[in-house]
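# A closer look at the structure
Here's the letter readout for the chains.
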Amino acid sequence: MKQSTTTKTRFAPSPSGNLHLGHAYSAKLNYDFAREHGGEFILRIEDIDHLRCKPEFEQSIFDDLRWLGLIWATPVRCQSEHFDEYAKAMKMLEGLDILYPCFCTRKDIRNEIEESNRAPHLKPKRGPEGVIYPGICRTLSSDVRTKKLAEGIPHALRIDMEKAMKLINEPLYWTDLKTGKQEADPALLGDVVLARKDFPASYHLSVVVDDHIQQISHVIRGEDLYYASHFQRVLQHLLGLNAVTYDHHSLLVTKDGNRLAKRDKSITIKSIKESGVLPDEINDLVQEYL
Ligand code: GLU
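In this report, we go over the structure that sits alongside the text. Note that the structure is a prediction, hence the values are computed from the model and not measured. (Residues numbered from 1 in each chain as written. Predicted model: local features only at pLDDT ≥ 70, side-chain atom pairs only at ≥ 80, totals over all residues. Heavy atoms only, no water.)

## A word on the pairing of strand β8 (residues 173-176)
- Burial along β8 is one-sided: W174 and D176 are buried, and none of Y173 and T175, which face the opposite way, are.
- One ladder, built from 4 bridges, connects β8 with strand β9 (residues 180-183); its direction is antiparallel. From the neighbouring strand, D176 faces β9, where its bridge partner is G180.
- Between β8 and the antiparallel strand that follows it, β9, lie 3 residues.
- Relative to strand β12 (residues 245-249), β8 runs parallel, the two sharing 2 bridges. For D176, the partnering residue across the bridge sits in β12 and is Y246. (Buried < 20%, exposed > 50% of the residue type's maximum accessible area, 1.4 Å probe, protein only. Helix = DSSP H or I, 4+ residues; strand = E, 2+ residues; numbered from the N terminus. Pairing = 2+ DSSP bridges.)

In structure tokens:
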């Protein structure tokens, strides 16, 4: 097969649990797509969340994917080793004056939403993933903000989405392999967190930076991340990075219609392996959950 320099896919799991059949499906789709297009498949470990990620899960990711027959280049990029690159991207966004510190706890946000639920004229805004951040810290006066920062109150950094879209001032598009050209609608997710309280990056930021650094051409991932793609396109633009092409595959579900989750022990690759299923029987097994 002719080697193409343009197609590069990635499977990017978080080592916060054992991989399940849905991950096997996603990893194989990425792997097969790269091979069919004469491209390259890579593995990336998304371990910025040191509270949830564990080395033993990282090892089991390698073991499970090897068992599935996948091959990838080494060394594997681990996000926890690249906080300096995410900090550089944050600096750039800060320079655009579109970020604000958010001191809210989950409880503050919950209370605010309950409050506005009681006042019909303040109905909280909903996105496809539920109620969006009600903007409590977006409207803090600069005095209050300065005081809170001086007091060292832990804070996240959120993007002021309205301000960002005004700054961009043009429609942005991205391509989904199934649904075609899409206009990015980041308002769907509201003021997304870009640096967390407990570590100086977020899922969205690190993924966009890494997909660029690793020259990923096609991001193939579950349809639960469809709306993330809208936002990540905006982030690419703000950071001056090229767009990638996306594909969102169906999620595997159990007979009762529930999504497979890392906590379901019966469908982890580890348990499937132990039950005597062979790697080339995985595709048939996947079909039972699609
Ligand atoms: N690390 C993410 C996860 O395990 C996947 C991120 C992505 O594919 O963009 O769900």
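More follows now that the structure is in view.
## Details of the site of the ligand
- The local shell around the ligand consists of R10, A12, P13, S14, E46, Y203, R221 and L225.
- Within the side chain of S14, a nitrogen or oxygen atom sits 3.3 Å from a nitrogen atom of the ligand.
- When the ligand sits alone it has 290 Å² of accessible area, and the protein chains cover 77% of it. (Near = heavy atom within 4 Å. Polar contact = N/O pair within 3.5 Å; in protein donor to acceptor, adjacent residues only side chain to side chain. Areas by Shrake-Rupley, 256 points an atom, 1.4 Å probe, with all protein chains shown as cover.)

## Some details on the packing of aromatic side chains
- Taken as a whole and assessed by the stated rule, the structure comprises 6 aromatic pairs.
- Taken together, a centroid distance of 5.2 Å and an interplanar angle of 80° make the contact between Y31 and F41 edge-to-face. You can see Y31 sitting in helix α1 (residues 21-36) and its partner F41 sitting in strand β2 (residues 40-45), a full 10 residues away along the chain. An identical accessibility class is assigned to Y31 and F41; each is buried.
- On the numbers, 6.3 Å between centres and 25° between planes, the contact of F62 with W72 is stacked. In this pair, F62 is assigned in helix α2 (residues 55-67) and W72 in the loop between α2 and β3 (77-78), connecting sequence segments 10 residues apart.
- In this structure F62 comes out as buried when scored by relative accessible area, which is 15%.
- Members of the aromatic cluster, each reached through a chain of ring pairs, are W174, Y226, Y227 and Y246.
- It is R158 that lies over the ring of Y133; its NZ or CZ is 3.6 Å from the centre.
- Cation over ring: K255 sits above Y289, and NZ or CZ is 5.7 Å from the ring centre. (Phe/Tyr/Trp six-rings, centres within 6.5 Å; stacked < 30°, edge-to-face > 60°. Lys NZ or Arg CZ within 6 Å of the ring centre and 35° of its normal.)

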